[in-house]
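Breakdown of the fold
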Amino acid sequence: MVLTLAACSTPAPPDWVSPAPSASSSGPAESTATTNADRSALRARHGIPDFADPPTPQPITLAGGDSVEYLHRIPTDQKVAFLTIDDGYLKLPEAQELIAAAGVPVTLFLTTDAIKDDPDYFRPMVDAGAVVESHTISHPNMRGKSFEFQKKQICGSSDKLEKWFVRRPTLFRPPYGNKDATTLRAAKACGMTAAFMWTETVHKGKVRYQGPKGVKPGDIILMHFREAFRDDFVSALKAIHRAGLTPASLQDYMPASD
């Protein structure tokens, strides 16, 4: 089921949003405590683990030149991992609730053709702290395509995402993880800081590892907006928690822009 938010009216808040305090309430402190209590209850209900705050990020150094680097993981010894969610074709209401309840950094690599029917669906996730990044217009296999084709896919998707969500993307993930040297040059031409693969994937509630079992510091986990979103999201967070790591923001580990 797709949750549709009316563009010209104020939608009713989802049931995971705490109501605004009444005039007789004790003020912002009580409202914040109520919100935190509600989120804690939701985490407990869904089996979402509690995490400590991530450490102060130590941004990495990237090579210069006319191409972006293609990263499978973030080279860091800090006890962090990175959760990323791709595409956006299926828009289940529980995704909004789960991301808000978890209260951890999440990066959304969104395909604009997948979300153009209802970009407002993703606004509660952005309001909860998720960051939207580029994943092309139409989700093609980029490898072997011309520079102009690839540039249009990356720049065009960034244009639309900036229009919908105000912030312009700075990170890029090629569909299927397929890229070539042209992809990395096109990403640079579109203002991207880096392009990303992944280290683990999650599908139907099962975490799949490319190497020895267990999430390592700096690993990037991939999941999608699919029917099993709840199971995938919770499984990814439990895997991070079992490893003694904390979810962190990819954006915080990128070098400062000039």
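Higher on the page you've got the structure.
In short, a report on the structure. (Residues numbered from 1 in each chain as written. Predicted model: local features only at pLDDT ≥ 70, side-chain atom pairs only at ≥ 80, totals over all residues. Heavy atoms only, no water.)

Notes on the overall build of the protein chain
Put simply, the rule is: Here a strand is any run of E in DSSP of at least two residues, a helix any run of H or I of at least four, and the numbering for each starts at the N terminus. The rule is simple: take the accessible area with a 1.4 Å probe, protein chains only, and divide by the maximum for that residue type; under 20% is buried, over 50% is exposed, in between is partly exposed. Here the accessible surface of atoms and residues is derived via Shrake-Rupley with a 1.4 Å probe, and residues count as covered only by protein chains that are part of the display.
Broken down by element type, the protein chain carries seven helices and ten strands. Put simply, the protein chain has 258 residues, and 49% of those count as buried. Of the roughly 12300 Å² of accessible surface on the protein chain, 53% is carried by carbon and sulfur atoms.

Quick look at helix 7 (residues 229-242)
The condition is simple: Here the expected length of a helix is defined as 1.5 Å per residue gap, with one fewer gap than residues.
The terminal C-alpha atoms of helix 7, which comprises 14 residues, lie 20 Å apart, in line with the 20 Å expected from a rise of 1.5 Å per residue. All of the buried residues in helix 7 are Phe-229, Asp-232, Phe-233, Val-234, Ser-235, Ala-236, Leu-237, Ala-239 and Ile-240. Following helix 7 by one or two positions, Gly-244 adopts a phi angle in the positive range, close to 75°.

Describing the packing of aromatic side chains
Cut-off, in case you're wondering: Pairing of aromatic rings covers Phe, Tyr and Trp, the last through its six-membered ring, and needs centres within 6.5 Å; plane angles under 30 degrees mean stacked, over 60 mean edge-to-face, and all others mean tilted.
Within this structure, the stated rule accounts for six aromatic pairs. Where Phe-82 meets Tyr-253, the ring centres are 5.3 Å apart and the plane angle is 80°; that geometry is what we call edge-to-face. Pair noted here: Phe-82 is in strand 2 (residues 80-87) and Tyr-253 is in the segment after strand 10 (246-247), with a separation of 171 residues, a long-range link. Of the two residues, Phe-82 and Tyr-253, neither departs from the other in class, the shared state being buried. Plain terms: the ring middles of Phe-225 and Phe-229 are 5.4 Å apart, the flat faces sit at 15° to each other, and that makes the pair stacked. With respect to class, Phe-225 is no different from Phe-229; both count as buried. One aromatic cluster is present, built from ring pairs that chain together Tyr-121, Phe-122, Phe-225, Phe-229 and Phe-233.

Overview of the pattern of salt bridges
For clarity, the cut-off: Each salt bridge in this description consists of a side-chain nitrogen of Lys or Arg and a carboxyl oxygen of Asp or Glu lying within 4 Å of one another.
Enumeration over the complete set of coordinates arrives at ten salt bridges. Taking the shortest distance from any N to any O, the salt bridge between Lys-91 and Asp-117 comes out at 3.1 Å. Of the two residues, Lys-91 is situated in the loop between strand 2 and helix 2 (93-102) and Asp-117 in the loop between helix 3 (112-115) and helix 4 (123-127); the sequence distance between them amounts to 26 residues. For Lys-91, a relative accessible area of 1% gives the class buried. With a relative accessible area of 54%, Asp-117 lands in the exposed category.

Thoughts on the packing of helix 2 against helix 7
Worth spelling out the cut-off: Here an axis means a line fitted to C-alpha atoms, over the contact stretch when the element is a helix, while the angle between two N-to-C directions is reported on a 0 to 180 degree scale. An angle counts as roughly parallel when it lies under 35 degrees, as roughly antiparallel when it exceeds 145, as roughly perpendicular when it falls between 65 and 115, and as oblique in every other case. Handedness of a crossing follows from how the near helix is turned relative to the far one, being left-handed for an anticlockwise turn of less than a right angle and right-handed for a clockwise one. Residue contacts are counted whenever heavy atoms from the two residues lie within 4.5 Å of one another. Three classes are used, and their members are as follows: Ala, Val, Leu, Ile, Met, Phe, Trp, Tyr, Cys and Pro are nonpolar, Asp, Glu, Lys and Arg are charged, and the others, Gly among them, are polar.
At a minimum axis distance of 10 Å, the contact between helix 2 and helix 7 shows a crossing angle of 20°. If you check the angle between helix 2 and helix 7, you find them roughly parallel. Helix 7 is crossed by helix 2, and the crossing has right-handed handedness. Facing helix 2, whose interface residues are Glu-94, Ala-95, Leu-98, Ile-99 and Ala-102, helix 7 presents Phe-229, Arg-230, Phe-233 and Leu-237. Of the residues contributing to the contact of helix 2 with helix 7, the split by class is seven nonpolar, no polar and two charged.

Some thoughts on the environment of Pro-57
Structurally, Pro-57 can be placed in the loop between helix 1 (28-46) and strand 1 (69-71). A C-alpha to C-alpha distance of 8.4 Å links Pro-57 and Ala-248, two positions 191 residues apart in sequence. In contact with Pro-57, not counting residues within four places along its chain, are Gln-78, Asp-252 and Tyr-253.

A short note on the nonpolar core
Note the following rule: Grouping buried Ala, Val, Leu, Ile, Met, Phe, Trp, Tyr and Cys residues that are joined through side-chain atoms within 4.5 Å yields what is termed a nonpolar core.
Formed by 37 residues in total, the largest nonpolar core has its most connected members in Leu-108, Phe-225, Phe-229 and Phe-233. Those elements giving two or more residues to this core turn out to be strand 2, helix 2, strand 3 (107-110), helix 3, helix 5 (147-165), strand 9 (220-224) and helix 7. Of all hydrophobic cores here, the second largest spans 30 residues; its members include Ile-60, Leu-71, Ala-248 and Met-254.

A word on the state of the cysteines
So the rule is basically this: Disulfide assignment relies on a single distance test, namely cysteine sulfur atoms paired within 2.5 Å.
Per the stated rule, a full pass over the model turns up one disulfide. The partner cysteine of Cys-155 in its disulfide is Cys-190, sulfur to sulfur 1.9 Å. With the S-S bond torsion at -105°, the cross-link from Cys-155 to Cys-190 turns out left-handed. One end of the pair, Cys-155, is in helix 5; the other, Cys-190, is in the loop between helix 6 (181-189) and strand 6 (194-196), with 35 residues separating them in the sequence. Accessibility assignment for this pair places Cys-155 and Cys-190 in one class, buried.

Looking at helix 5
Between the first and last C-alpha of helix 5 there are 26 Å, a value that for 19 residues agrees with the 27 Å anticipated at 1.5 Å per step. Every buried residue of helix 5 is listed here: Gln-150, Gln-153, Ile-154, Cys-155, Gly-156, Ser-157, Ser-158, Leu-161, Trp-164 and Phe-165. Those residues of helix 5 hidden inside the fold are in contact with strand 3, helix 3, helix 4, strand 4 (131-134), strand 5 (171-172) and helix 6. Directly beyond the C-terminal end of helix 5, a positive phi value near 75° is found at Val-166.

None of the figures reported here should be taken as evidence of function without further support.
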